[in-house]
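Structural overview for review
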Amino acid sequence: MRLEGVTKGFPGGGGVFGVDLEVGEGEILVLLGASGSGKSTLLNLIAGLLRPDRGRIHLQGREVTHLPPERRGLAYVFQDYGLWPHLTALEHLLLVMPKPDRKEALALLERVGLGAHAHKCPHQLSGGQRQRVALARALARHPGVVLLDEPFAALDPVLREGLRLEVRRLLKEAGTAAIHVTHDPDEALALADRVGVMAGGRLLEVGPPRALYENPKELQTFLAFGRANLLEGEGVWQAFRWEEVALDPQGWPGRVEALLWTRTGPLARVRLREGGVVFAALPLQEGEEVRLAPKRVRSWPRNLLSLEKTPS
Ligand SMILES: Nc1ncnc2c1ncn2[C@@H]1O[C@H](COP(=O)(O)OP(=O)(O)OP(=O)(O)O)[C@@H](O)[C@H]1O
């Protein structure tokens, strides 16, 4: 799949602007970005639900920029599942298969863990099971590309975590290219072969998840993954992650204001004596006086930070 200069502006100023992107066969690309950054708009452009003002979209080697959605050979999974209330799981699949085949449909339901639920309608299924029906239906079309728009948004956090890895496995087994939209950094890190970070309607940076997390080129990319400390330096922002803070006798003096326990360990909020707050993934005591220093710092010019950057 290839996008060239895809642009769509809305009257209010939002939209997506000049997006170039390639997604390989069988590759999972996750679009990560804050609310309003243009993720859904980009998916809708690829799906053909919106027409671009400029730019070109190629799917599986042919240009589809001006084709209607049903002729693009892709499947879309939405956060509200988009299921039909009166159809069983099996019927959902049979309805969309290019050549309806009961055996193949049942095998696919088996693969997504719904073997025992093939004859149930959506209201007889849990949220996670409905999402699996939606995914199985998408795969049943044998699409060239699957588009997933926050498919786990309505699910509880524990279920989401399990489903991430399952969805990754299923997409990889199917060998289908996928673009998955989320604003959850953990989801992006767990699911993606590559992550594309969006802000202000632009695709800022694309790369493997760990590389983007550890060595982002753009400040916005650093911030998109969270766990971020940002301090004002001489004309620069000094940026470092919570887990990159260490106790250091030469470091900044401060006082531990609060200590939280999280699933990834302790998290201390330290008020620096010179002003500012640092979050540190360290097992400190509330009220303790400490000296802290980042183990590594990335710097970006201060004038770069306009967090709600809108394109001109
Ligand atoms: N139909 C529309 N008319 C006018 N503006 C729109 C329309 N659709 C989206 N926008 C604007 O375009 C920008 C991008 O919206 P989009 O829904 O793509 O963001 P998003 O990153 O998917 O956000 P979220 O995570 O909240 O779903 C926003 O500023 C939004 O207000």
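Per an unreviewed UniProt entry, the chain goes by ABC-type spermidine/putrescine transport system, ATPase component and derives from Thermus oshimai JL-2.

**Observations concerning the overall build of the chain**
Per the secondary structure count, the chain includes eight helices and 17 strands. Principal-axis analysis of the C-alpha atoms places the extent of the chain at approximately 70 × 45 × 30 Å. Relative to all contacts within the chain whose residues are 6 or more apart in sequence, the contacts with residues 24 or more apart total 63%. Positive and negative side-chain charges in the chain, numbering 40 and 37 respectively, have mean positions lying 3 Å apart.

**Digging into the site of the ligand**
Near the ligand you find F10, G14, G15, A34, S35, G36, S37, G38, K39, S40, T41 and H183, and these make up its full shell. Between the ligand and the protein, one listed contact pairs an oxygen atom with a backbone N or O atom of S37 at 3.1 Å. Between the ligand and the protein, one listed contact pairs an oxygen atom with a backbone N or O atom of G38 at 3.0 Å. For the ligand, whose accessible area on its own is 630 Å², the fraction buried by protein is 57%. In terms of residue count, helix 1 (residues 39-47) provides more of the shell around the ligand than any other element does, three residues in total.

**Comments concerning helix 5 (residues 157-174)**
For helix 5, with 18 residues, the first-to-last C-alpha span of 26 Å sits near the 26 Å given by 1.5 Å per residue. Along its length, helix 5 shows its largest kink, about 25 degrees, at L163. Every buried residue of helix 5 is listed here: R160, L163, R164, V167, L170 and L171. Summarising the contacts, the buried residues of helix 5 are in contact with strand 3 (28-33), helix 3 (102-111), helix 4 (127-140), strand 7 (145-149), strand 8 (177-182) and helix 6 (185-191).

**Re the packing of helix 2 (residues 89-96) against helix 4**
Viewed as axis vectors pointing N to C, helix 2 and helix 4 meet at an angle of 25 degrees, and their least axial separation amounts to 8 Å. With respect to each other, helix 2 and helix 4 are oriented roughly parallel. Taken as a pair, helix 2 and helix 4 cross one another with a handedness that is right-handed. Touching A89, H92, L93 and V96 of helix 2 are V133, A136, R137 and A140, all from helix 4. Classifying every residue of the contact of helix 2 with helix 4 gives six nonpolar, one polar and one charged.

**Considering the domain arrangement of the chain**
The domain boundaries assigned to the chain delineate domain 1 (2-214) and domain 2 (227-304). On a C-alpha basis, the centroid separation for the pair domain 1 and domain 2 is 37 Å.

**Considering the pairing of strand 3**
Buried residues dominate strand 3, accounting for six of its six residues. By the alternation rule, side chains of strand 3 split into I28, V30 and L32 and L29, L31 and G33, which are all buried. Of the pairings in the sheet, the one linking strand 3 to strand 8 comprises five bridges and is parallel in character. Bridge pairing in strand 8 places I28 opposite A178. As paired elements, strand 3 and strand 9 (residues 194-199) share five bridges and run parallel to each other. Directly across from L32, in strand 9, lies its bridge partner V197.

Criteria and cut-off values
Residues numbered from 1 in each chain as written. Predicted model: local features only at pLDDT ≥ 70, side-chain atom pairs only at ≥ 80, totals over all residues. Heavy atoms only, no water. Helix = DSSP H or I, 4+ residues; strand = E, 2+ residues; numbered from the N terminus. Contact = heavy atoms within 4.5 Å. Lys, Arg positive; Asp, Glu negative; His and termini not counted. Charge placed at Lys NZ, Arg CZ, Asp CG, Glu CD. Near = heavy atom within 4 Å. Polar contact = N/O pair within 3.5 Å; in protein donor to acceptor, adjacent residues only side chain to side chain. Areas by Shrake-Rupley, 256 points an atom, 1.4 Å probe, with all protein chains shown as cover. Expected span 1.5 Å × (residues − 1). Bend = angle between axes of the 7 residues up to and from the residue. Buried < 20%, exposed > 50% of the residue type's maximum accessible area, 1.4 Å probe, protein only. Axes fitted to C-alpha atoms, helices over the stretch in contact; angles between N-to-C directions. Parallel < 35°, antiparallel > 145°, perpendicular 65-115°, else oblique. Left-handed = near helix turned anticlockwise from the far one by under 90°. Nonpolar A, V, L, I, M, F, W, Y, C, P; charged D, E, K, R; others polar. Domains from an automatic or database assignment. Pairing = 2+ DSSP bridges.

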